[in-house]
Amino acid sequence: MSRKLHSAIDDYVNRQVVREDAALRAARTASERAGLPPIAVSPGLGKLLHLLARIQGARRILEFGTLGGYSTIWLARALPADGRLLTLELDPHHAEVARRNIAHAGLSPVVDVRVGRALDLLPGIEAEGLGPFDFFFIDADKANIPDYFKWSLRLSRPGSVVVVDNVIRRGRVLEAASKDPSVRGVRRFNRLLAAEPRVSATTIQTADGKGHDGFAVVRVE
Ligand code: SAH
Ligand code: DHB
Ligand code: MG
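About the thresholds
Residues numbered from 1 in each chain as written. Chains lettered and ligands numbered in written order. Predicted model: local features only at pLDDT ≥ 70, side-chain atom pairs only at ≥ 80, totals over all residues. Heavy atoms only, no water. Helix = DSSP H or I, 4+ residues; strand = E, 2+ residues; numbered from the N terminus. Rg over C-alpha atoms; globule rule 2.2 N^0.38 Å. Buried < 20%, exposed > 50% of the residue type's maximum accessible area, 1.4 Å probe, protein only. Contact = heavy atoms within 4.5 Å. Axes fitted to C-alpha atoms, helices over the stretch in contact; angles between N-to-C directions. Parallel < 35°, antiparallel > 145°, perpendicular 65-115°, else oblique. Left-handed = near helix turned anticlockwise from the far one by under 90°. Nonpolar A, V, L, I, M, F, W, Y, C, P; charged D, E, K, R; others polar.

Mind showing me how you'd approach the overall build of the protein chain here?
Scanning the protein chain from N- to C-terminus turns up eight helices and seven strands. Computed over its C-alpha atoms, the radius of gyration of the protein chain comes to 17 Å, within 12% of the 17 Å expected for a compact globule of 221 residues. Viewed in the frame of its principal axes, the protein chain has a C-alpha envelope of about 40 × 40 × 30 Å. Out of the 221 residues belonging to the protein chain, those deemed buried represent 48%.

Written out as structure tokens, the structure reads:
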């Protein structure tokens, strides 16, 4: 199937099924206007994150990589009134844009955007006793996916769900000899998954307006 057909179907499904609303659309356009890269999840994956978190009954969510808060808004909308979403972002400008988008969506009371390298922020989050988290979305730098996954397990409970974005990378995940840190991060994550008896997982390939990629869904047993 051609990229053009995938995009056309994506547009149709987004319009007919996913039905992103004005606040989500505003978050995307404001992020673009602020010069952020166009790498937020697709509307379809955003809606899936929202549905998974709701189906699971998530009350505490931890996100790695906020960008402009597009995936954050989908996820935060799955929470009950007393729920909390903590999202970690390296770039202060991204975090500022995200806070504005999240406020515009009326979600500031449930979302906490923290600025810094995720690996530097995690020990403090653990020490504050903010876990265990019910749902994790790993979508920051890909080289550190293995460490984010280990931290997720550490801050999880049986039944927690971990979704990891960008694990296909236009098929480059197949390149065993790749020197690309992102590809190596994904491949190392997959080896961790295979060796980890405490989880059950699958990976889904996607072909949408953003091209060929995929995500992993993991349940902590
Ligand atoms: N989840 C977002 C997209 C995130 S893009 C969405 O779908 O809407 C990846 C983000 O991770 C970028 O904003 C980037 O600045 C951030 N990032 C990169 N390295 C990071 C690190 N070490 N710690 C925290 N965030 C990081
Ligand atoms: C990139 C990061 C993402 O999270 C994504 O969904 C797509 C691309 C990137 O860093 O190129
Ligand atoms: Mg991503």
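Could you clarify how one ought to interpret the side chain of histidine 94 in this entry?
With respect to the helices, strands and loops of the structure, histidine 94 is situated in helix 5 (residues 92-104). If near-sequence neighbours (up to four positions away) are discounted, histidine 94 is found in contact with Leu36, Pro37, Leu67, Gly68 and Glu89.

Sorry, what's going on with the packing of helix 2 (residues 22-33) against helix 5 here?
A packed helix pair is summarised by two numbers, namely the angle formed by the two axes and the spacing between the axes. Running from amino to carboxyl end, helix 2 crosses helix 5 at an angle of 160 degrees, the nearest separation of the two axes being 9 Å. Comparing their axes, helix 5 and helix 2 come out roughly antiparallel. Here helix 2 and helix 5 pass one another in a crossing that is right-handed. Where helix 2 abuts helix 5, its residues Ala23, Ala26, Ala27, Ala30 and Ser31 lie against Val97, Asn101 and His104. By residue class, the composition of the contact of helix 2 with helix 5 is five nonpolar, three polar and no charged.

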